[in-house]
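# Breakdown of the fold
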Number of protein chains: 2
Amino acid sequence: MIKSPSSSFETSAKLLGEAIGRNNIALAARVLQPLDVAETIEQLERLGTINRALAYRTLPKERALAVFERLDVLLQADLLSGLQDAQVAEVFAALSPDDRVALLDELPASVANRLILGLSDKDRALTAIVLGYPQRSVGRFMSPQFLTAHPGFTAGQTLKRVRAQSEEAESIYTIPVTDDGRHLVGVVSLRDVLCAAESDAVADLMKDPLFAPATMDVEEAARYCADAKVLALPIVDAETRLVGILTVDDALRILEDAESEDAARSGGSEPLRRPYLATPVRSIVRARVVWLLVLAVGATLTVQVMGAFEATLAEQVVLSLFIPLLIGTGGNTGNQAATTITRALALGDVRPADAVKVVAREVRVGAWLGALLGGLGFAVASLIFTVSLGLVIGLTLLGVCTMAAGVGGLMPLLGKALKVDPAVFSNPFISTFVDALGLIMYFMIASSILGL
Amino acid sequence: MIKSPSSSFETSAKLLGEAIGRNNIALAARVLQPLDVAETIEQLERLGTINRALAYRTLPKERALAVFERLDVLLQADLLSGLQDAQVAEVFAALSPDDRVALLDELPASVANRLILGLSDKDRALTAIVLGYPQRSVGRFMSPQFLTAHPGFTAGQTLKRVRAQSEEAESIYTIPVTDDGRHLVGVVSLRDVLCAAESDAVADLMKDPLFAPATMDVEEAARYCADAKVLALPIVDAETRLVGILTVDDALRILEDAESEDAARSGGSEPLRRPYLATPVRSIVRARVVWLLVLAVGATLTVQVMGAFEATLAEQVVLSLFIPLLIGTGGNTGNQAATTITRALALGDVRPADAVKVVAREVRVGAWLGALLGGLGFAVASLIFTVSLGLVIGLTLLGVCTMAAGVGGLMPLLGKALKVDPAVFSNPFISTFVDALGLIMYFMIASSILGL
């Protein structure tokens, strides 16, 4: 039977909810039955922890394993607590070593240890390899189950080997070539092996390998794999001995998560580690409250600035009318710059070393924007109020935009250089720093022009 | 020779800059010589249009083609204008049909037509197929060069075919199976074909195909391909006849661009279509000025609100001190909600149909955050100023956070439902709407408590 995306998605979602609500497991099973793995996951992600476990148990065994394997790791952890030990051991054993390690990191030590002991010697050994690498390194995310060829092999021998080992190997389409010392000396694509003559030597078919060291930051490695458009990136140890491979779909998932983190952080909150509807409200609050507090505390700076100019304000209450507009515009300009640079950093288009170049560009951009907005502001404010007030507004907009763009462009680079997530670093600084600086500009310009 | 990521990146960048600055093409060539394709692209992206063309011309022919193929489409268009017609025709012919069409869309009609005429009949035909589909549909991004198997084939026959056609086919690892009417009836992985016995029938090896209609939105299709973790997604016409395939690396690039767009838009600017350093300042200004204006014009709403309460302000200047803090906090809470939901939409975790569920959650989250911040604000303001002022600040924070989270959560869904990019829709609305609403709340609470 043929399937197309989200066929009658809403209906199944509704039915499933009811079925489980009414504890009608048989119906739930019937609803999930026709769905493919991706659709099943979409449905499960929308259920609460308990109901998810209930629904999951109704899945036919084979799909149950496929689904589990592709669930977010926290949902996997949730699920385990809802399954019987037998099932737990089964799904755990079915995971690939890298997925297994990711899950272990989320489980209480006692559970984790029991699960590890339950593994076969071979699986335990493979898991240990991955567990051996530091938390954020690509070694943690690579698959230690790979297939290799030897430069001395013929195409024919290599094909035989692929046939023999394709069961275990995570990827067979890009085959690393290693010498007798297990050092990576090249890669050969299955395509080339297949199209070569039986007797051609791998040594003649292989290309220089792209590769990453196992200790490399996982996000960098994933980006490298994606940019290089390879199906699998060989991972090597300090002696360039092959220790694993990073497959493109793992790289894809890693970049996905990284982008979710950037998105969340640039919005001033911690990333949610579960899909939105599967995240408890209290977790969402926890993810946001810290930054919100940081920002609010930072914002008290603006209260002090305002306080310092309270006399000016008392004299010219009209000045206060423009405060939300002015700091709003400053914040927007700053955010525009910050988001652009944060993204450029993520894509590797700019590096901290480019700071001077970037800030210079952003200041020019900001000046242009400020000139445009300022001109407009001057015109409008002069018409409605007085020319001198118009002058104050116009000049302030010019100053604020220039300053905000510069600061907004610099912050992410500063963050990166200080090894803080650029997205995190930019947001609070801009909203507080730029606001306060902007207000000072405003009142200084005002008092000098209006002679207060 | 083995290569590891960004080996001595800065040095080559510096050298290359100098070499071209001094018009020393020979040196430039020497600098680029040892780099792999990905590294060459990184270097080219940092150069201005003219210099990029100069540097590009020094590349050895084979890498030149590989590099061109993977450059952003606008950079490709820039480059063409810097090459001789012979080279132009050459690189253009070397592109895959989908990449060719993307490039054609960026070229002046006259150039485009000349290039099309320069193609071989076969290439022109393939290009025409892709050109036939609407702009944002997956048909525009698919590859019409694919390899198929017939249910009646044996594994052996299929392998022979793979060997024979692997030259043209874009992907050989996932093989669509079609009947005599070219209808898609299944997919078989090269892995299974390879491991099966010579005589096994494809009909027994093939699985139900996942697929997307050629008219489907390209971003949805790419997301589907990535989520399904398939190396190639078959694309079919209205009669489920196979018309092309979307490869995972194309899907990856499409999602990448989509995420850049979301990032830019949620930062309140249009996405840059060239890498940051390769984008002229005026283009950056153009990308930002529109939204900045929209936001500024929207912000004049706040000026009016402030004006309406000018009397209250004149009486209690102290109230103005907290305005930046209050609207800042409102904006932050709104952005947190908006970014979370925008991302959840992009990942398919929520849909417009979930609006009620989402807003309900966000309001609860906002109330919690408001209670926490409000409590704090009350305490601090009561100590420094008066209890009644503390009460005003505390209650306003509670109200503003609740309102902002609700609005911030709703906006992206509204945008999506109205077929506007959710990221675009959220930003301006929150900053203007939430600011104005927040100020009204503030002054109402203030005047009732302080009895103004």
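Residues numbered from 1 in each chain as written. Chains lettered and ligands numbered in written order. Predicted model: local features only at pLDDT ≥ 70, side-chain atom pairs only at ≥ 80, totals over all residues. Heavy atoms only, no water.

## Here's the deal with the overall build of chain A
This is how it is decided: Helix numbering and strand numbering both begin at the N terminus, where a helix is a DSSP run of H or I of at least 4 residues and a strand a DSSP run of E of at least 2. What the globule rule says is 2.2 Å times the number of residues to the power 0.38, and the radius of gyration is computed from C-alpha atoms. Only protein chains enter the accessibility calculation, which uses a 1.4 Å probe; a residue whose area is less than 20% of its type maximum is buried, one above 50% is exposed, and one in between is partly exposed.
In terms of regular secondary structure, chain A is built from 22 helices and 5 strands. For 452 residues, the compact-globule estimate of 2.2 N^0.38 gives 22 Å, and the C-alpha radius of gyration of chain A, at 29 Å, exceeds that figure by more than 25%. The principal-axis extent of the C-alpha atoms belonging to chain A is close to 90 × 65 × 45 Å. Residues classed as buried in chain A amount to 57% of the 452 residues present.

## A word on the side chain of Thr58(A)
The criterion, for reference: Working rule for contacts: check all heavy atoms of both residues, and any pair within 4.5 Å makes them a contact.
Following the sequence through the fold, Thr58(A) ends up in the loop between α4 (49-57) and α5 (61-70). When near neighbours in sequence (up to four residues on either side) are disregarded, Thr58(A) contacts Ile25(A), Ala29(A) and Leu32(A).

## Concerning the sheet that holds strand β4 (residues 232-236) of chain A
Residues and elements named next belong to chain A. Let me state the cut-off plainly: Two strands are counted as paired when DSSP detects at least two bridges linking them.
Across the sheet, which stays open at both edges, the 3 strands sit in the order β3-β4-β5 with mixed pairing between neighbours. The open sheet has two free edges, formed respectively by β3 (212-213) and β5 (242-247), since each of these has just one partner strand. Pairing geometry for β3 and β4, over 2 bridges, is parallel. Across the sheet, residue Pro 213 finds its bridge partner in β4, namely Val 236.

## Description of the domain arrangement of chain A
A common way to report how large an interface is uses the accessible area buried once the components associate. All names here are of chain A. Definition in use: The start and end points of each domain follow an automatic or database-based domain assignment. Joining two parts hides part of their accessible area as seen by a 1.4 Å probe, and the buried area is that hidden amount summed over both. What counts as a salt bridge is simple: a side-chain nitrogen of Lys or Arg found within 4 Å of a carboxyl oxygen of Asp or Glu. Pairs of N or O atoms are called polar contacts if they sit within 3.5 Å, as long as, within protein, a hydrogen donor faces a hydrogen acceptor (for residues adjacent in sequence, only side-chain-to-side-chain pairs).
Considered domain by domain, chain A is made up of domain 1 (5-138), domain 2 (155-248) and domain 3 (280-450). In this assembly, 6 residues from domain 1 lie in contact with 13 residues from domain 2. Summing both partners gives a buried area of about 740 Å² for domain 1 against domain 2, and 62% of it is carried by carbon and sulfur. The largest contributions to the domain 1 side of the interface with domain 2 come from Tyr 133, Arg 136 and Val 138, which together make up 73% of the buried area. The interface formed by domain 1 and domain 2 includes 0 salt bridges. Viewed at the interface, domain 2 and domain 1 are joined by 3 residue pairs in polar contact (both at pLDDT 80 or more).

## Some thoughts on the relation of the copies chain A and chain B
What counts here: A least-squares superposition brings the copies together, and it is based on the C-alpha atoms of residues with pLDDT no lower than 70 in both.
Superposing chain A onto chain B takes a rotation of 180° plus a shift of 0.0 Å along the axis, which leaves an RMSD of 0.1 Å. Each copy turns onto its partner about a two-fold axis. Same-surface contact between copies: 100% of interface residues of chain A are shared with the interface of chain B.

## Description of unusual backbone geometry
In this model, Thr240(A) sits at a positive phi of 50°, which is unusual for a non-glycine residue. For Thr240(A), the location among the structural elements is in the loop between β4 and β5.

## Things to note about the pattern of salt bridges
If you walk through the whole model with that rule in mind, you get 36 salt bridges over all chains. Across the salt bridge formed by Lys14(B) and Glu18(B), the nearest N and O atoms sit 3.1 Å from each other. You can see Lys14(B) and its partner Glu18(B) sitting in helix α1 (residues 9-21), 4 residues apart, about one turn around the helix. Judged by its relative accessible area of 34%, Glu18(B) is partly exposed. Salt bridges sharing common partners tie together Arg223(A), Glu259(A), Arg343(A) and Glu256(B).

## Quick word on the sheet that holds strand β4 (residues 232-236) of chain B
The strand order across the open sheet built from 3 strands is β3-β4-β5 (chain B), with neighbouring strands paired in mixed fashion. Two strands in the sheet have a free side with no partner beyond their single neighbour: β3 (212-213) and β5 (242-247) of chain B.

## Section: the nonpolar core
Spelled out, the test is: Here, the term nonpolar core denotes a set of buried Ala, Val, Leu, Ile, Met, Phe, Trp, Tyr and Cys residues that are joined through side-chain atoms within 4.5 Å.
Membership of the largest hydrophobic core comes to 88 residues, with the highest contact counts inside it found for Phe322(A), Val350(A), Tyr442(A), Phe322(B), Val350(B) and Tyr442(B). Other than its neighbours up to four places away in sequence, Tyr442(A) contacts Leu319(A), Phe322(A), Ile323(A), Leu326(A), Val392(A), Ile393(A) and Thr396(A). Counting residues in hydrophobic clusters, the runner-up holds 44 residues, among them Met142(A), Leu246(A), Ala251(A) and Leu255(B).

## Digging into the interface of chain A and chain B
With 117 residues of chain A at the contact, the number on the chain B side is 117 residues. Summed over both partners, the interface of chain A with chain B comes to about 10400 Å²; 64% of that surface belongs to carbon and sulfur atoms. When residues of chain A are sorted by the area they lose upon contact with chain B, Arg191(A), Tyr276(A) and Arg361(A) head the list and together hold 8% of the total. Scanning the region where chain A abuts chain B turns up 10 salt bridges. The partner of Arg288(B) in a salt bridge is Glu362(A), and the shortest N-O contact between them spans 2.7 Å.

## A word on the packing of aromatic side chains
As a reminder of what qualifies: Stacked, tilted and edge-to-face are the three classes applied to pairs of Phe, Tyr and Trp rings, where Trp contributes its six-membered ring and a pair requires centres within 6.5 Å; stacked means planes under 30 degrees apart, edge-to-face means over 60, and tilted covers the rest. Charge over a ring is defined by NZ of Lys or CZ of Arg lying within 6 Å of the ring centre and within 35 degrees of the ring normal.
If you walk through the whole model with that rule in mind, you get 9 aromatic pairs over all chains. Here the aromatic cluster, defined as three or more aromatic residues joined through ring pairs, consists of Phe309(A), Tyr442(A) and Phe443(A). One residue, Arg100(B), lies across the ring of Phe92(B), its end atom 5.8 Å from the ring centre. Directly above the aromatic system of Tyr276(A) lies the positively charged group of Arg361(B), at a separation of 5.2 Å from the ring centroid.

## Points about the state of the cysteines
In a disulfide, the sulfur atoms of two cysteines are held together by a covalent bond. Threshold: Any cysteine sulfur atom paired with another within 2.5 Å is treated as part of a disulfide.
Per the counting criterion, the structure on display carries 0 disulfides over all chains. For the unlinked cysteine Cys195(A), the closest cysteine sulfur is that of Cys195(B), found at 17 Å. By relative accessible area, which is 34% here, Cys195(A) ends up partly exposed. This cysteine, Cys225(B), is not joined by any disulfide, and Cys225(A) carries the nearest cysteine sulfur, 15 Å off.

## Some words on helix α21 (residues 387-417) of chain B
For an α-helix, 3.6 residues make a turn, and residues three or four places apart therefore share a direction. In plain terms, the rule: To estimate the expected span of a helix, subtract one from its residue number and multiply by 1.5 Å.
With 31 residues, α21(B) extends 45 Å from end C-alpha to end C-alpha; this agrees with the ideal 45 Å at 1.5 Å per step. Within two residues after α21(B), Lys419(B) carries a phi angle of roughly 60°, on the positive side.

## Looking at the UniProt feature "transmembrane region" (unreviewed entry) in chain A
Counted only if it meets this: UniProt positions are given in the numbering used here, feature names are shortened, and annotations may be inferred rather than shown by experiment.
The residues that UniProt annotates with the feature "transmembrane region" (unreviewed entry) are residues 289-309, 365-385, 392-414 and 429-450 of chain A. Secondary structure across residues 392-414 of chain A divides into 100% helix and 0% strand, with the first and last C-alpha atoms of the span separated by 32 Å.

## A look at the packing of helix α19 (residues 323-346) of chain A against helix α16 (residues 281-308) of chain B
This is how it is decided: Whenever a helix is involved, its axis is fitted only over the stretch in contact; in every case the axis is a line through C-alpha atoms, and angles between N-to-C directions fall within 0 to 180 degrees. Angle categories are assigned with fixed cut-offs, so that under 35 degrees is roughly parallel, over 145 is roughly antiparallel, 65 to 115 is roughly perpendicular, and the rest are oblique. Here is the rule for handedness: rotate from the far helix to the near one, and if that takes an anticlockwise turn smaller than a right angle the crossing is left-handed, while a clockwise turn gives right-handed. Here the term charged refers only to Asp, Glu, Lys and Arg, the term nonpolar to Ala, Val, Leu, Ile, Met, Phe, Trp, Tyr, Cys and Pro, and the term polar to all other amino acids, Gly among them.
Taken N-terminus to C-terminus, the directions of α19(A) and α16(B) make an angle of 155°; their axes are 8 Å apart at the nearest point. Our classification of the angle between α19(A) and α16(B) gives roughly antiparallel. Both α19(A) and α16(B) take part in a crossing whose hand is right-handed. Here α19(A) contributes Pro324(A), Leu325(A), Thr329(A), Asn332(A), Thr333(A), Gln336(A), Ala337(A) and Thr340(A) to the contact with α16(B), which in turn contributes Arg288(B), Trp291(B), Leu292(B), Leu295(B), Ala296(B), Ala299(B), Thr300(B), Thr302(B), Val303(B) and Met306(B). The class makeup of the residues in the contact of α19(A) with α16(B) is 10 nonpolar, 7 polar and 1 charged.

## Thoughts on a nonpolar patch on the surface
Note the threshold: The residues that make up patches have over 30% relative accessible area and no salt bridge, and they are joined within 9 Å when like-charged or within 5 Å when they are Val, Leu, Ile, Met, Phe, Trp or Tyr. Areas reported here follow the Shrake-Rupley algorithm with a probe of radius 1.4 Å; residue values treat only the protein chains shown as occluding.
Taken together, Leu293(A), Leu376(B), Val380(B), Leu383(B), Ile384(B) and Phe385(B) make up a surface patch of nonpolar side chains, about 560 Å² in accessible area. Positionally, Leu293(A) belongs in helix α16 (residues 281-308).

## Structural notes on the environment of Asp237(B)
All names here are of chain B. One can find Asp 237 in the loop between β4 and β5. Separated by 166 residues in the primary sequence, Asp 237 and Leu 71 have C-alpha atoms spaced 30 Å apart. Looking at Asp 237, its side chain comes within polar contact range of the main-chain nitrogen of Glu 239, at 2.8 Å.

## Some points on the environment of Ile430(B)
Residue and element names in this part refer to chain B. With respect to the helices, strands and loops of the structure, Ile 430 is situated in helix α22 (residues 422-449). Ile 430 sits in the buried class, given a relative accessible area of 0%. Spatially, the C-alpha atoms of Ile 430 and Phe 322 are 19 Å apart, while their sequence positions differ by 108 residues. For Ile 430, the residues in contact, after removing those within four places along its chain, are Gly 331, Gly 334, Asn 335, Ala 338, Gly 408, Met 411 and Asp 435.

## Digging into the UniProt feature "domain: CBS" (unreviewed entry) in chain A
Residues and elements named next belong to chain A. Listed under "domain: CBS" (unreviewed entry) in the UniProt record, and renumbered for this structure, are residues 142-204 and 205-261. The span residues 142-204 is 32% helical and 17% strand by assignment, and the distance between its end C-alpha atoms comes to 28 Å. For residues 205-261, helix accounts for 46% and strand for 23%, while the C-alpha atoms at its two ends are 41 Å apart.

## Thoughts on the pairing of strand β1 (residues 174-178) of chain B
Residues and elements named next belong to chain B. For β1, a buried count of 5 out of 5 residues is recorded, marking the element as mostly surrounded by other parts of the structure. Side chains Thr 174, Pro 176 and Thr 178 of β1 all project onto a buried face; the interleaved residues Ile 175 and Val 177 project onto the opposite face, where all are buried too. Relative to strand β2 (residues 184-189), β1 runs antiparallel, the two being bridged by 5 bridges. In the sheet register, Ile 175 faces β2, and the bridge partner there is Val 188. Adjacent in sequence and paired antiparallel, β1 and β2 are bridged by 5 residues, among which Arg 182 carries a positive phi angle near 65°.

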